[in-house]
Amino acid sequence: ARPHCAAAAKARHFKWEISNMFWSPDCEEKVVIGINGQFPGPTIRARAGDTIHVELKNALHTEGVVIHWHGIRQIGTPWMDGTAAISQCAINPEETFTYRFVVDKPGTYFYHGHYGMQRAAGLYGSLIVDVAEGEEEPFKYDGELNLLLSDWYHESIHTQMVALSSKPFRWIGEPQSLLINGRGQFNCSMAAAHTPGATQCAAVNRQCAPVVLPVQPNKTYRLRVASTTSLASLNLAIGNHKMTVVEADGNNVDPFAVNDIDIYSGDSYSVLLTTDQDPSSNYWVSVGVRGRPPRTAPALAVLNYRPNRASKLPALAPPATPAWDDYEHSKAFTYRIRARAGTPPPPATADRRIELLNTQNRMDGGTRWSINNVSMVLPATPYLGSLKLGLKSALAAARPAETFSRGYDVRQPPTNPNTTAGDNVYVLAHNATVDVVLQNANALARNVSETHPWHLHGHDFWVLGYGEGAYRGDAADEARLNLRDPPLRNTAVIFPYGWTALRFVADNPGVWAFHCHIEPHLHMGMGVVFAEAVDRVGKVPKEAVSCGATASALMNGDHL
Ligand SMILES: O=C1O[C@H]([C@@H](O)CO)C(O)=C1O
């Protein structure tokens, strides 16, 4: 850090109370988890180098809570990562816990619950980090707009969790609505005039009124877009407007122009939008589902060219989402994402390669997702405490496999559908360069392979490449890897029947989750844990790990 930046860095204090409350995200009244009576939660805005303090009171009364700061690497503060059972104990009802961490890198981020399925109950908000005082972005814009995308189910997360854990399994189905900044319309459309058979929304409740994005003609806007969906993969387009992608997951990318962007759960982007269209009209911003047969209507927002009234209906119909299974369209977008010049390149070689086969399986009469045929279950005592104290009970005797059988046919349902539960903890050496190959496969049903966005905590990784079918690690696969300008990200997608190769340096001691960002899939075991140089973790605050076996050990005089 340069001295003038350090001097300007600020402490930013927030006081939050988390509670259940009645809310109508899509005009149907349900219970959401709100923060300070708001849904989505308040936006945190800071400058790179600032320290965020969130004094968080849990007013949920009968359940714990934690908050994960998605995309913030928590360098040196792994106990602030907000992952229940991994980095900290869930905060008990009526208790207060203070998150304290540095936002070291500018970018578009968000925060969300990371305990059970609380994210899907609406526990999320935006976290935006501007460049440090005196620094400049490498692209120019006149104004900024922020869209936090999510999906919404009418069933409570408690019902959803029971369904997913039931024997036999009950799938939760598709979300009822898509939300933009927490607002959607379930049984009516704002664009009924353009949508045969749809009912025009009547005077709407403020909580579900469409988002209006006011713009001046002939200006350039930075549109920040992040997705915290539970299930849905999304596509965003703006009638008649092109967009230029400039940032992905808090890292600048080589700018490229598109008509629409795909955005998977856990992703964030900045796109530049120039308001160069007929200024007498407004335009629809449309967000639709992809990668799964869409049973959820698109979400709409209004790009409001001032001085037109916001209520002036756009002349054009909302842009249509590409066909849900047009994977070539999705791949074309994803493959175009390259690092902006100046981004640090990856190390030329790796010290270790971990290959992770993603399969859907059966376990004890239920349905699970597994990695190398082991489905992740989380412990009662958070790893950060139990591994730091070296508690014998922390890990099972056997470590998970580094690879999967070369003979595995990724195009067919598993021949042995049965799986077992395990901790899926990989122990990483300090500063090791680690390659991870995520391998997709056929699910339990024939001819089904789904898209999974994987999110890594504590790090950005370089996305080295993608391939079709089974990864073999041979010369042909190696040739698909990009070591020249791979983008740095914290979330990467695996396409159906394909693989994705990532590289990162284990330079941030801590215990970090790495998992599918689809909330029901994580609940069904689709993840692993990286225990990275835990002996080098600094002094863990007692209040982060005063539960389970760590609490007992601390009471017996052990020191963290
Ligand atoms: O995990 C999932 O389960 C269902 C289906 O595969 C079984 O009902 C589905 O669509 C998922 O994504």
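Residues numbered from 1 in each chain as written. Predicted model: local features only at pLDDT ≥ 70, side-chain atom pairs only at ≥ 80, totals over all residues. Heavy atoms only, no water.

As recorded in an unreviewed UniProt entry, the chain goes by L-ascorbate oxidase and comes from Panicum virgatum. Per UniProt, the comment on the chain under Cofactor (unreviewed entry) is "Cu cation". Looking at the Sequence similarities (unreviewed entry) heading of the UniProt record, one finds this comment for the chain: "Belongs to the multicopper oxidase family." (UniProt positions renumbered as here; feature names shortened; annotations may be inferred.)

(A) Just the site of the ligand, in detail. As a structural note, the neighbourhood of the ligand is formed by Phe169, Trp171, Arg292, Gln360, Trp369, Glu450, His521 and Met524. A distance of 3.0 Å separates an oxygen atom of the ligand from a polar side-chain atom of glutamine 360. Here an oxygen atom of the ligand sits 3.0 Å away from a polar atom, N or O, in the side chain of tryptophan 369. Relative to its unbound accessible surface of 310 Å², the ligand loses 76% to contact with the protein. (Near = heavy atom within 4 Å. Polar contact = N/O pair within 3.5 Å; in protein donor to acceptor, adjacent residues only side chain to side chain. Areas by Shrake-Rupley, 256 points an atom, 1.4 Å probe, with all protein chains shown as cover.)

(B) Examining the pairing of strand S21 (residues 366-371) more closely. For S21, the buried fraction is high: six of the six residues fall into the buried class. Of the two faces of S21, the one carrying Gly366, Arg368 and Ser370 and the one carrying Thr367, Trp369 and Ile371 are both buried. By the bridge criterion, six bridges tie strand S20 (residues 352-363) to S21 in an arrangement that is antiparallel. Each residue of the ladder has a partner; that of asparagine 361, found in S21, is arginine 368. Hairpin connection of S20 to S21: two residues between the antiparallel strands, including aspartate 364 at a positive phi of 50°. (Buried < 20%, exposed > 50% of the residue type's maximum accessible area, 1.4 Å probe, protein only. Helix = DSSP H or I, 4+ residues; strand = E, 2+ residues; numbered from the N terminus. Pairing = 2+ DSSP bridges.)

(C) Local environment of the packing of aromatic side chains. Tallying each qualifying case throughout the model produces 22 aromatic pairs. Centre to centre, the rings of tryptophan 16 and tryptophan 69 are 5.9 Å apart; their planes meet at 40°, and the pair counts as tilted. Of the two residues, tryptophan 16 is situated in strand S1 (residues 11-23) and tryptophan 69 in strand S5 (residues 67-70); the sequence distance between them amounts to 53 residues. Of the two residues, tryptophan 16 and tryptophan 69, both sit in the buried class. (Phe/Tyr/Trp six-rings, centres within 6.5 Å; stacked < 30°, edge-to-face > 60°.)

(D) Layout of unusual backbone geometry. A cis amide bond, omega -15°, links phenylalanine 39 with the succeeding residue proline 40. Along the polypeptide, proline 40 turns up in the loop between strand S2 (30-35) and strand S3 (44-47). One non-glycine residue with positive phi stands out, namely asparagine 218, at about 55°. Structurally, asparagine 218 is set in the loop between strand S11 (211-215) and strand S12 (220-227). By relative accessible area, asparagine 218 is classed as exposed at 61%. In the Ramachandran plot, asparagine 431 falls in the positive-phi region, its phi being about 70° despite a non-glycine side chain. Along the chain, asparagine 431 falls in the loop between strand S24 (425-428) and strand S25 (433-439).

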